[in-house]
Amino acid sequence: MHFAIYTLQSLALFHVATTGSFVADGYWDIALGYVSEEVVKGRRTLVTVQFGHNDMKIAEPESMGANLTIMVQELRALGAEPVLVTSLTRRSFNDDGTVADTLGPWAEETIAVAEAEDVSYIDLHQASIDYVEAIGEDAAHRLNREEDDNTHLNINGSIVFGR
Ligand SMILES: *[C@@H]1O[C@H](CO)[C@@H](O)[C@H](O)[C@H]1NC(C)=O
Ligand SMILES: *[C@@H]1O[C@H](CO)[C@@H](O)[C@H](O)[C@H]1NC(C)=O
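Since the model is a prediction, treat every value here as computed from it, not as a measurement.

Enquirer: Any chance you could break down the environment of isoleucine 111 for me, citing the residues and the numbers?
Expert: Along the polypeptide, isoleucine 111 turns up in helix H4 (residues 104-117). Judged by relative accessible area, isoleucine 111 falls into the buried class, the value being 17%. In sequence terms isoleucine 111 and isoleucine 58 are 53 residues apart; their C-alpha atoms lie 20 Å from each other. When residues no more than four places from it in sequence are discounted, the contact partners of isoleucine 111 are Thr86, Tyr121 and Asp123.

Take a look at the structure:
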């Protein structure tokens, strides 16, 4: 049986979280509490971890990477299996129809941590860029929560990218 905790930043509760503030504000300890409860039941416990959108506003990628590394190690110490997820792309486009990416260095850092720590990762950043470039700017913006908000998702966007 699988049990996953989603720390996606599109969730309202965590919408301004960085790897630093998530720990400092107590959410990390709360998450670890849930994880421990599952592990002690003998369940294989997968935990997805995605950061970047707010980390990029305050520090270089390496700062997030150092914090992710600690998160991975703490999850493993509890007997859980971390799965790192690279940042969902923002839906801002260049004139030629390609995504105007800003999160690339944070996605690369996430993958570097996954490789260094030998944990699985999902490259949502690349997959979401490929997807929104394929459907085009107008269709991509129909996944916005607010018309001018190319970051947060409405219900359809949550279904598409959560899947
Ligand atoms: C990483 O965590 C440290 C505290 O351990 C914090 O000072 C730093 O701002 C965090 N980095 C990011 C990008 O949140
Ligand atoms: C979500 O998709 C459905 C089916 O295409 C559509 O009817 C609905 O209006 C969409 N909702 C939003 C908030 O865009």
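Enquirer: Just give me the short version of the site of ligand 2, but keep the residues and values in it.
Expert: As a structural note, the neighbourhood of ligand 2 is formed by Arg142, Asn154 and Asn156. Between ligand 2 and the protein, one listed contact pairs an oxygen atom with a side-chain N or O atom of asparagine 156 at 2.3 Å. Here ligand 2 loses 26% of its free accessible area of 360 Å² to cover by the protein chains.

Enquirer: I'd love a proper account of the site of ligand 1, names of residues and values included.
Expert: Contacts to ligand 1 come from Thr18, Thr19, Gly20, Asp55, Ile58, Ala59, Ser63 and Asn67. At 3.3 Å, a side-chain N or O of threonine 19 approaches an oxygen atom of ligand 1. Alone, ligand 1 offers 370 Å² of accessible surface; in the complex the protein occludes 55% of this. Listed by contribution, the elements that provide at least two residues to the shell around ligand 1 are helix H1 (19-24) and helix H3 (61-77). A per-class count over the shell around ligand 1 returns 2 nonpolar, 5 polar and 1 charged.

Enquirer: So what's going on with the packing of H3 against H4? Residues and values would help.
Expert: At a closest axis distance of 9 Å, the pairing of H3 and H4 adopts a crossing angle of 35 degrees. Seen from above, H3 lies across H4 with right-handed handedness. Here Pro61, Glu62, Met64, Gly65, Leu68, Thr69, Val72, Gln73 and Arg76 of H3 come into contact with H4, specifically with Pro105, Trp106, Glu109, Thr110, Val113 and Glu117. In the contact of H3 with H4, the residues fall into 7 nonpolar, 4 polar and 4 charged.

Enquirer: Explain the sheet that holds strand E3 (residues 120-122) to me, and be specific about the residues and the numbers.
Expert: The strand order across the open sheet formed by 3 strands is E1-E2-E3, and the pairing between neighbours is parallel. Edge positions in the sheet fall to strand E1 (46-49) and E3, since each has one partner strand and no second. Adjacent strand axes in the sheet meet at a mean angle of 30 degrees when their direction is disregarded. Pairing geometry for E1 and strand E2 (residues 81-85), over 4 bridges, is parallel.

Enquirer: Just give me the short version of the pattern of salt bridges, but keep the residues and values in it.
Expert: Counted according to the given criterion, the structure contains 3 salt bridges. Measuring nitrogen to oxygen at the nearest pair gives 2.7 Å for the salt bridge that ties glutamate 81 to arginine 44. Pair noted here: glutamate 81 is in strand E2 and arginine 44 is in the loop between helix H2 (27-40) and E1, with a separation of 37 residues, a long-range link. Among the residues examined, arginine 44 registers a relative accessible area of 46% and is labelled partly exposed. Sharing partners across several salt bridges, the network here consists of Glu38, Lys41 and Arg43.

How each quantity is defined
- Residues numbered from 1 in each chain as written.
- Chains lettered and ligands numbered in written order.
- Predicted model: local features only at pLDDT ≥ 70, side-chain atom pairs only at ≥ 80, totals over all residues.
- Heavy atoms only, no water.
- Helix = DSSP H or I, 4+ residues; strand = E, 2+ residues; numbered from the N terminus.
- Buried < 20%, exposed > 50% of the residue type's maximum accessible area, 1.4 Å probe, protein only.
- Contact = heavy atoms within 4.5 Å.
- Near = heavy atom within 4 Å.
- Polar contact = N/O pair within 3.5 Å; in protein donor to acceptor, adjacent residues only side chain to side chain.
- Areas by Shrake-Rupley, 256 points an atom, 1.4 Å probe, with all protein chains shown as cover.
- Nonpolar A, V, L, I, M, F, W, Y, C, P; charged D, E, K, R; others polar.
- Axes fitted to C-alpha atoms, helices over the stretch in contact; angles between N-to-C directions.
- Left-handed = near helix turned anticlockwise from the far one by under 90°.
- Pairing = 2+ DSSP bridges.
- Salt bridge = Lys/Arg side-chain N within 4 Å of Asp/Glu carboxyl O.

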